[in-house]
Every structure is written in structure tokens, then in C-alpha cells.
Amino acid sequence: MTLRVALVLLVCLVATVVESVFPFLFGLTRARADLLLSVVLYLALNDQAISSAGLSAAAGYLGELSSATPTGLYTLLAMLTWVVVRLTARGLRSDGGPLSAAIAFGASLVHSLLAAGLFFLVAPAPAELSWGPAAALLSALMTGAAAPVIFGVLRRIDAHFIPVGGGEPLPGGRR
Amino acid sequence: MRALLQRYRELVFVAALLAAPLAVYMVRGRKPARLNLLDRAIIQLTAPVERMIVGVAGAMVDVFQGYVWLRKVRFENLELRRTVVRQRSEVDSAHEIRLENERLRKLLALRDSLGPVPTMPAQVVAVGASPLSHSLRIARGLRDGLVRGAPVISAEGVVGTIAQLADGYADVQLVTSPFSAISALNQRTRGRSTVKGTGDVTRCKLEYALRTDEILESDVLVTAGGAGHFPKGLRLGRVTEIVKKPYGLFQQARVIPAVDFSRLDEVLVVLAPPEPQIPQALPRAAVERGKP
């Protein structure tokens, strides 16, 4: 495991903790910023396929651990989101704050749709996983607001590990 | 095969990452499963951090809210104090009104007891400026039809007489004034006497009671009535010390006034002192005999 992977995992851990603690502190029950989704999004847009897929699965797994949902679902959801973003958002640049926020907002809506579909398949409309458009929209807004921070942190990490002008071209245009 | 895997390794890897959680879910997800070692390690790692953050944040929130609430409590306290002062004032005012009401009821009862004698209620507005004056000032005067010498009474008994008049005010000479003298009756024996002021606001003196009259301490003295005087039967005071000398026609006594003059708020002014009772149907001859 390289130091970069470890650092990204650390970011995921911190995001998990923040995601668990702050909604609790502020009493956010229906909607919250999905920080791990921002990590998955960043990785899907900016990283190599294998490492980003592995890290996204790890992010999904961490989300799973902190949300007490059935084993495997969040990991699967994270992977599905990674695949969708990877396939649809190729070539999108996410350098600026507003741009990354907009991408995260859209990705969060897609993620919510995927989650609704997946949860409907595995457990039709259980009360605790009910999905509402208003909550999804609010979550997407909050995720969009938080995404520039996550993107900024991950970009700083990448700046130390990915040489400028070298390596394989990345989907988001970065090298 | 190896070359094929190498060629599509990304696809295979992603497919494996998709399939693995699905498989895990199919196998373990439908029924509660024990956390594995990695799960427990991660939870052991993150939970204390979460707990610490929640604790610190909770403490900060508590401190902040405590501060904010304290500020609110301060303002609330001030507001409540104002409210208490306001309400206390209202309660005092209501209490005062109740007491005034009681006093006026007593006055009304007294007025009713006086029968046809016309009276006028008056509010006491001041006492005499000099400690030797023994007078009260009431908020009724010439305008209200008051006359000099009009008796002034209260529910407790005789207060005094009107001594001087202005348009809207009158000064009442108290029965304790050295210039005051009122014809009195012993309520028990019906013996006549005169109650005079002494200059001491707490006592009067009884004079001109016949030596032969039986006077006891605590006897109650009332007004004797008569033309141009107080209505009959109003309480003047109570006998305390009897002075009976071994010589002379009369005996004396000290009298405690029935009225506490320091606590008077309202009084009744008797507007028309009772007329002298003239025997009706005097024999004509007797009348004519009286002519010069």
C-alpha cells in the first residue's frame, strides 16, 4: 500500500467520522453532505482506474461500517456510482471550486437515484431507507457545498504523488 | 488466459469490486452477521474519535448555549423584575382600593345609621402643618356647602368640627384640640359631661361630670346631641383615669379618643346639624304667659 493510498484512506476515515459526527451534532436527519461520495467522485474523475476503483470500494465499505446497513450494499453503491461517473464524466474538469461543487451536486443526485433503485431492489421501501426528492436535493446541495473541500484536500495529496507532465492521462484531464 | 486477464485487468478488477459486495450481501447481508476483525478494528479506531469530537463539540455547544442562555436569563431576569415591580404596584394599588372600599363602606353604614341627617363624604388631604394645630385638611369646602362649625365624623367616631373654610378645602379642628369642647353622654349611665381637648393628640379630658355620677374606667362616651351640635350617640372616646377630688361639684377623667387621627383617610361632614327638638303642642296659655 503506497503512502498516497494510505492518505486517501485516512481522508476517507476522517470523512466518515465527520459524516457521522456533524449530522448528529446539528440534528441533520433527513439530509446531509455525503463526503465519501465526494471522495469517490474525485477518484473516479482524477485517478487511475484500478486504484480509484479500489479506493472507492474502500470508501463504500467505510460508509457501510458507519451506517449499519446490510453488508455490501454501500460498497456496491459506491462502486456503481464510480462506474457511472467514470463512464459519463470522462473529460470533465473539476479543478475549480464551483465546478467541483456542480459536479458533486449532479453526482449526488445520480447517487441518490442509484441508491433508491438499489435499495428498492434489495428491500422494497423500508422505512429507514426511504428516499425523498426533497431530501435528495438537499443532500445534493450539501454534498456540492462540501465537495470543493474534499477535492482540495485530495488534490493536495495528489500534487505530492503524481508528477507534473508524467504518467498516464487521467479521465479528468489531469496527468 | 493470463494475457487476456492482463489486457482487461481494469475491467476484471472493477467487475470483481462490483461482484464482491453483491456476493457478500447475498451471503451475509440478509441476516445480521458478526463484524469481522477489520470491521471491528476500524470501528475501534473511529468510534473514540467520534466520541471525542462529539464530547468536545457538545461541551463547546453547552458552553456557548450556557453563555447565550445566561445572557437570555439576565434579560429575562430584568424583565421579570420589572414585571414584579409593576405587578407589586398593581397589587398594592388593588389592596389600597380594597381598604378604601372597606372604609367607604363603613362610612356609608355610618351615614345610613345617621338617618335623615345629610352628610357629605370628604377625603383627608393633609394634617395641620404645626404640631400644635390639631387639625386636618379635607377636600371639601365652601363650594360643597360646608359651613363653619359643621361636625366631622368617621366610622370610628367623632373627629372634630370645621374650623375654617376655603373654596375647595376645609380645616377640621380635632376633638383633641384645646379649643374643642363637645357635650357628651356616658353610654352606660347616661350622665352628661363635656369632653374637651387637651392638646395631646392621644387624649382628651372629661369635665363637668357631676360628682354624684358614677363613672367607671372604660365607660364609653358618646355625643349628647343638641341644636347645632353633633348628632346624638356618636362615639367620642373611652374613660381611662377618673379624678374625683374630695371637694367641688364635678369630677374629671381622662378620655382616649375613639378615632385614631393619624389613620384617617375619609370622613363624613354633617351638613345640617340636627334641629333642636321643640315640644310640639305647648299650651297656648303657657305660650302667651311667656310673652313680655
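1. What to know about the pairing of strand β10 (residues 235–243) of chain B
Residues and elements named next belong to chain B.
Phase 1: Across three bridges, the pairing between strand β9 (residues 220–223) and β10 is antiparallel. Note on β10: the bridge partner recorded for Leu221 is Gly237.
Phase 2: Here five bridges tie β10 to strand β11 (residues 250–257), and the two strands are oriented antiparallel to one another. Counterpart to Arg238 in the pairing with β11 is Ile256.
Phase 3: Between β10 and β11, which pair antiparallel and follow one another directly, the connecting turn spans six residues, one of which, Gly248, has a positive phi of 95°.

2. Brief notes about the sheet that holds strand β8 (residues 204–210) of chain B
Phase 1: A barrel is described by the order of its strands in space; here six strands give the closed sequence β6-β7-β8-β11-β10-β9 (chain B), paired in antiparallel fashion. Pairwise comparison of adjacent strand axes, ignoring direction, gives a mean angle of 40° for this sheet.

3. What to know about helix α1 (residues 3–26) of chain A
Phase 1: Along its 24 residues, α1(A) runs 34 Å from first to last C-alpha, staying within 8% of the 34 Å computed at 1.5 Å per residue.
Phase 2: For α1(A), the complete set of buried residues consists of A:Arg4, A:Val8, A:Val11, A:Cys12, A:Leu13, A:Ala15, A:Thr16, A:Val17, A:Glu19, A:Val21 and A:Pro23.

4. Considering the pairing of strand β1 (residues 119–127) of chain B
All names here are of chain B.
Phase 1: With five bridges connecting them, β1 and strand β12 (residues 266–270) associate as antiparallel partners. In the strand pairing of β12, Pro121 is matched with Leu268.
Phase 2: Across three bridges, the pairing between β1 and strand β2 (residues 135–138) is antiparallel. The residue of β2 that forms the bridge with Ala126 is Arg137.

5. Structural notes on the confidence of the model for chain B
Residues and elements named next belong to chain B.
Phase 1: Summary statistics for chain B give a mean pLDDT of 81 and a share of 88% for residues scoring 70 or more.
Phase 2: For chain B, per-element mean pLDDT is lowest for helix α4 (residues 284–290), which scores 46, and highest for β9, which scores 92.
Phase 3: In this model residues 278–292 is a low-confidence stretch, pLDDT under 50, and it forms one contact with partners more than four residues away in sequence or in other chains.
Phase 4: Interface confidence for the predicted complex, expressed as ipTM, amounts to 0.73; the pTM equals 0.48.

6. Notes on the sheet that holds β12(B)
Residues and elements named next belong to chain B.
Phase 1: Read around the barrel, six strands follow the order β1-β2-β5-β4-β3-β12 and close on themselves; strand pairing throughout is antiparallel. The mean inter-strand angle of the sheet, taken between neighbouring strand axes irrespective of direction, is 45°.
Phase 2: As defined by bridge partners, strand β3 (residues 151–153) adjoins β12 across two bridges and the pair is classed as antiparallel. What sits directly across from Val152, in β12, is Val269.
Phase 3: The sheet strands contacting helix α3 (residues 37–113) are β1, β3 and β12, and the helix crosses β12 at an angle near 20°.

Cut-offs applied
- Residues numbered from 1 in each chain as written.
- Chains lettered and ligands numbered in written order.
- Predicted model: local features only at pLDDT ≥ 70, side-chain atom pairs only at ≥ 80, totals over all residues.
- Heavy atoms only, no water.
- Pairing = 2+ DSSP bridges.
- Helix = DSSP H or I, 4+ residues; strand = E, 2+ residues; numbered from the N terminus.
- Axes fitted to C-alpha atoms, helices over the stretch in contact; angles between N-to-C directions.
- Expected span 1.5 Å × (residues − 1).
- Buried < 20%, exposed > 50% of the residue type's maximum accessible area, 1.4 Å probe, protein only.
- pLDDT = per-residue confidence, 0-100.
- Contact = heavy atoms within 4.5 Å.

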